[in-house]
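If you want the building blocks of each chain, they are given just below.
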Amino acid sequence: MSTEVTDKVPAAAPPGKSGGSSDGNLLQLVLGGLRRNMRQYGMLIALGLIVVLFQIWTGGDLLLPRNVSNLVLQNSYILILAIGMMLVIIAGHIDLSVGSLTAFVGAFAAVLMVQHSMAWPLALLLCLVVGAVAGSVQGFLVAYLGIPSFIVTLAGMLLFRGLTEILLKGQTLGPFPDGLQKMGNGFLPEVGPKTNYHNLTLLLGLALLVFVVLQEIRDRKRQQEFSLDVAPRNLFLLKLVAVVAAVLTVTMLLASYKGAPIVLLILGLLVVGYGYVMRNAVFGRHIYAIGGNLPAAKLSGVKDKKVTFYVFLNMGVLAALAGLVVAARLNAASPKAGLNFELEAIASSFIGGASMSGGVGTVLGAIIGGLVLGVLNNGMNLLSVGTDWQQVIKGLALLLAVGFDVWNKRKSGS
């Protein structure tokens, strides 16, 4: 969790002594807090504006329950990759092989389940092991042999793409067992009495809402206990209101269709787990340390090689998981699967607040960046924008995000 963008509430406006200009003071506090916390909230605000604009431009089609569900299913694997990529970038590295590794794992899963009729749970486990092995090999080359990650993963991109072609012999292979298909296309089962909404999704949404609010309050109290600067109270309350509104809206939209997709539950567990590791675990702090200042981290006793190795191993496992989700959604393994996935994951990380120099970024930021790209893709498809212009717009979005990061750093430094 980054605390570099927060400030204390100015002492000039104590509660209850604002006189007749309380509304003006409140507005000034909120706007001032937003300016001082722009790095933390800027892309979240941008996501909200993009959703509102496309909701208007598409005549309300963007937030139709069916389209929201499709938005989750279509971008789930990119969001999974973005989580792992964010860790890699925070550590000061890059991974160009994840798209090809995603395709290779999908092909390997097809060979096991379609050609050799292996039970899908066992095949799934073996695919995750393959991803871990691939990630550990690349991590060893980067961490212990000192080969730049750009070169190692560029070679991995070519290697895994070629192995995918060899496994599939240039052809599409499928279909997959029903159990695996549900991983990419399935929804949570309906339970309880018949209503106009999906009961289990409503319960999960309520549980998520309580968890998020309590987590935000707990984090704020923890920062105050350690005498760290926190966001102004009014801005914090505004953030809570926005979070509650967003969670309730998504929950109701999903519950009014088929319910929450299974892959959304998987993604939620990943966000909670990795978010906790990066905020609270020693390993997460070490990742930030080696990405922020490697010499200082070494002097502090951080085992940078070991941390780097495990970061790439983790990326391999998440790439394998994303490959399984892609294969399950398409119900087939294709030699062309995973094309440009690495670019989407990298773009999601940078749009979500990662820094080119490393040491900065959050798991939630990666999700927000992925959602920005996902909403852009979905909205432009609804408006029948050509793929050529879609690439131009996404490229400009990435350029603006990185440019904002550079500008924000210079402004903070000055």
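What counts, and at which threshold
Residues numbered from 1 in each chain as written. Predicted model: local features only at pLDDT ≥ 70, side-chain atom pairs only at ≥ 80, totals over all residues. Heavy atoms only, no water. pLDDT = per-residue confidence, 0-100. Helix = DSSP H or I, 4+ residues; strand = E, 2+ residues; numbered from the N terminus. Contact = heavy atoms within 4.5 Å. Salt bridge = Lys/Arg side-chain N within 4 Å of Asp/Glu carboxyl O. Buried < 20%, exposed > 50% of the residue type's maximum accessible area, 1.4 Å probe, protein only. Core = buried A, V, L, I, M, F, W, Y, C linked by side-chain atoms within 4.5 Å. Axes fitted to C-alpha atoms, helices over the stretch in contact; angles between N-to-C directions. Parallel < 35°, antiparallel > 145°, perpendicular 65-115°, else oblique. Left-handed = near helix turned anticlockwise from the far one by under 90°. Nonpolar A, V, L, I, M, F, W, Y, C, P; charged D, E, K, R; others polar. Polar contact = N/O pair within 3.5 Å; in protein donor to acceptor, adjacent residues only side chain to side chain.

## A short note on the confidence of the model for the chain
A residue-level look at the chain finds 88% of positions with pLDDT of 70 or above and a mean pLDDT of 86. The lowest-confidence element of the chain is helix α1 (residues 22-36), averaging 54 in pLDDT; the highest-confidence one is helix α5 (residues 120-143), averaging 96. Below pLDDT 50 for its whole length, residues 1-22 participates in 31 contacts with residues either more than four positions away or in separate chains.

## Quick notes on the pattern of salt bridges
Tallied over the full model, the rule gives two salt bridges. Measuring nitrogen to oxygen at the nearest pair gives 3.1 Å for the salt bridge that ties Glu216 to Lys239. Of the two residues, Glu216 is situated in helix α8 (residues 199-225) and Lys239 in helix α9 (residues 233-255); the sequence distance between them amounts to 23 residues. The same class applies to Glu216 as to Lys239, namely buried. Note that Glu344 and Lys394 form a salt bridge whose closest N and O atoms lie 3.2 Å from each other. Here Glu344 is found in helix α14 (residues 341-351), whereas its partner Lys394 is found in helix α16 (residues 387-413), with 50 residues between them in sequence. In this structure, Glu344 and Lys394 share a single accessibility class: buried.

## Overview of the nonpolar core
Among soluble globular proteins, nonpolar side chains are generally buried collectively. By size, the foremost hydrophobic cluster in this structure holds 72 residues, and its most contacted members are Ile80, Leu81, Ile83, Phe176, Met183 and Ile287. Once residues within four sequence positions are removed from consideration, Phe176 is found in contact with Gly106, Ala109, Ala110, Met113, Gln181, Ala327, Asn331, Ala332 and Ala333. Judged by nonpolar contacts, the second largest core, of 15 residues, contains Ile50, Ala347, Ile368 and Val375.

## Some remarks on the packing of α5 against helix α6 (residues 149-168)
Put simply, α5 and α6 touch, their axes get as near as 9 Å, and they point 150 degrees apart. Comparing their axes, α6 and α5 come out roughly antiparallel. Relative to α6, the crossing made by α5 is right-handed. Contacts between α5 and α6 involve Ala134, Gln138, Leu141 and Val142 from the first element and Ser149, Val152, Thr153, Gly156 and Phe160 from the second. Among the residues making up the contact of α5 with α6, the classes are represented as five nonpolar, four polar and no charged.

## So, the side chain of Thr153
Note that Thr153 resides in helix α6. At 2.6 Å, the side chain of Thr153 forms a polar contact with the backbone oxygen of Ser149. Setting aside anything within four residues of it in sequence, one finds Thr153 in contact with Ile94, Asp95, Leu96, Ser97, Gln138 and Phe312.

## Quick look at the packing of helix α10 (residues 262-280) against helix α13 (residues 304-330)
Here α10 crosses α13 at 165 degrees, and the two axes come no closer than 12 Å. Considering the angle they form, α10 stands roughly antiparallel to α13. Of the two possible hands of crossing, α10 and α13 adopt the one that is left-handed. Contact with α10, carried on its side by Val263, Ile266, Leu270 and Tyr274, involves Asn314, Leu318, Leu321 and Val325 of α13 and no other residues of that element. Residue composition of the contact of α10 with α13, grouped by class: seven nonpolar, one polar and no charged.

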